[in-house]
Amino acid sequence: MTIYREELRMTSDDGRVTFFDLTDEVRAVVERSGIVEGLVSVFSPHTTCAVITQEAAFDLSMTGLETLQQDFVDALARVMPEQVREGVYLHPGPQAIAFAAEHDEGLREAHNTDAHLRSALIGRSETIPVKAGVPGLGEFGRVYFIDFDHRRARQRRVDVTVWG
């Protein structure tokens, strides 16, 4: 068995949920791996981010997100409202706020519970079959990395591992 790994890096936006279409990069990693039959895993180590497969919607909403992406964000917001002030969720408590401060995060940044909950619900990875050297995404499938934590722009990374 061969295992091949690369790390992708990106910068999220400040003030909104950020989607990154990683499909072309994932295809390129699979190609560079030389693996023709196996699996490719796309994983985010960030606990406020997610990885999904979905089709592109093409049309943009007024927020700049594709319409399907905006619908996704809106649906999640109905289940897990944005944390716009203290008391929306139990987290963060005093110990979590102190821990955040020790790691150079302000009070506003520490109140990102909605992003943690959304990431936990959606999941931080996708595993896709590789057939004939190509990720098996179907005709319309895309791979998206989502940063739900819109409190500030951040450097993010995604691990892409191919094995077979």
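Along each chain, the written sequence defines residue order, and numbers are assigned to residues from 1. Only residues with pLDDT of at least 70 get local features here, since the model is predicted, and only at 80 or more are side-chain atom pairs given and counted; chain-wide, interface and lining totals rely on the full set of residues. Excluding hydrogens and water, the side-chain figures rest on all heavy atoms present in the structure.

Draft legend 1. Structural detail: the overall build of the protein. Helix and strand counts for the protein come out as 5 helices and 8 strands. Dimensions of the protein, computed from the C-alpha atoms along their principal axes, are close to 50 × 35 × 20 Å. Here the term buried applies to any residue with accessible area under 20% of the maximum for its type, exposed to any over 50%, and partly exposed to those in between, with areas from a 1.4 Å probe on protein chains only. In the protein, buried positions account for 44% of the 164 residues. Contact criterion: two residues are considered in contact whenever any of their non-hydrogen atoms come within 4.5 Å of each other. Excluding contacts between residues fewer than 6 apart, the proportion of contacts in the protein whose partners are at least 24 apart in sequence is 82%. Only the protein chains shown count as cover for residues, and the accessible areas themselves come from Shrake-Rupley with a 1.4 Å probe. As displayed, the protein offers around 8,900 Å² of accessible surface, 54% of which is attributable to carbon and sulfur atoms. For the protein, the centre of its 17 positive side-chain charges and the centre of its 26 negative side-chain charges are spaced 3 Å apart. Runs of E in the DSSP output that reach at least two residues are strands. Runs of H or I that reach at least four are helices, and both are numbered from the N terminus. For this count, His and the chain ends are skipped, Lys and Arg are scored as positive, and Asp and Glu as negative. The location of each charge is read from NZ of Lys, CZ of Arg, CG of Asp or CD of Glu.

Draft legend 2. Up close: the sheet that holds strand 2 (residues 18–21). With antiparallel pairing, the 3 strands of this open sheet are ordered in space as 2-7-4. At either margin of the open sheet sits one strand with a lone partner, and together these are strand 2 and strand 4 (49–55). On average, each strand axis in the sheet is tilted by 30° relative to the strand beside it, whichever way the strands run. Two elements, strand 2 and strand 7 (residues 141–147), share 4 bridges in a ladder whose sense is antiparallel. If you follow D21 over to strand 7, its bridge partner there is Y144. Interaxial angles span 0 to 180 degrees and are taken between N-to-C directions of axes, which are lines fitted to C-alpha atoms, for helices over the stretch in contact. Those strands touched by helix 1 (residues 23–33) are strand 2 and strand 7, and its axis lies near 110° from that of strand 7. Whether two strands pair comes down to DSSP finding at least two bridges between them.

Draft legend 3. Just the sheet that holds strand 5 (residues 125–131), in detail. Judged by pairing direction, the sheet is antiparallel, and its 5 strands sit side by side in the order 1-8-3-5-6 without closing on themselves. For this open sheet the edge positions go to strand 1 (3–11) and strand 6 (134–135), each flanked by a neighbour on one side alone. Pairing between strand 5 and strand 6: 2 bridges, direction antiparallel. Across the sheet, V130 pairs through a bridge with P135, a residue of strand 6. Packing against the sheet, helix 1 makes contact with strand 1, strand 3 (37–43), strand 5, strand 6 and strand 8 (155–163), and its axis sits at approximately 155° to strand 1.

Draft legend 4. Expanded view of the nonpolar core. For our purposes a nonpolar core is just a set of buried Ala, Val, Leu, Ile, Met, Phe, Trp, Tyr and Cys residues, chained together by side-chain atoms within 4.5 Å. L22, V40, V42, V143, F145, V158 and V160 are the most contacted members of the largest nonpolar core, which has 20 residues in total. Put simply, the parts of the chain that give this core at least two residues each are strand 1, helix 1, strand 3, strand 4, strand 5, strand 7 and strand 8. Once residues within four sequence positions are removed from consideration, V42 is found in contact with L22, V26, V51, R124, S125, E126, V143, V158, D159 and V160. Ranked by size, the runner-up nonpolar core spans 12 residues in total, among them F19, A50, I52 and V73.

Draft legend 5. Broad picture of the side chain of N112. In this fold, N112 is placed in the loop between helix 4 (107–110) and helix 5 (113–122). Discounting residues that sit within four places of it in the chain, N112 has contacts with T48, Q83, D149 and R151.

Draft legend 6. Here's a closer look at the environment of S44. Along the chain, S44 falls in the loop between strand 3 and strand 4. Overall, the relative accessible area of 0% leaves S44 in the buried class. In this structure, the C-alpha to C-alpha distance between S44 and V158, residues 114 residues apart in sequence, is 4.8 Å. When near neighbours in sequence (up to four residues on either side) are disregarded, S44 contacts C49, V51, R124, F145 and R157.

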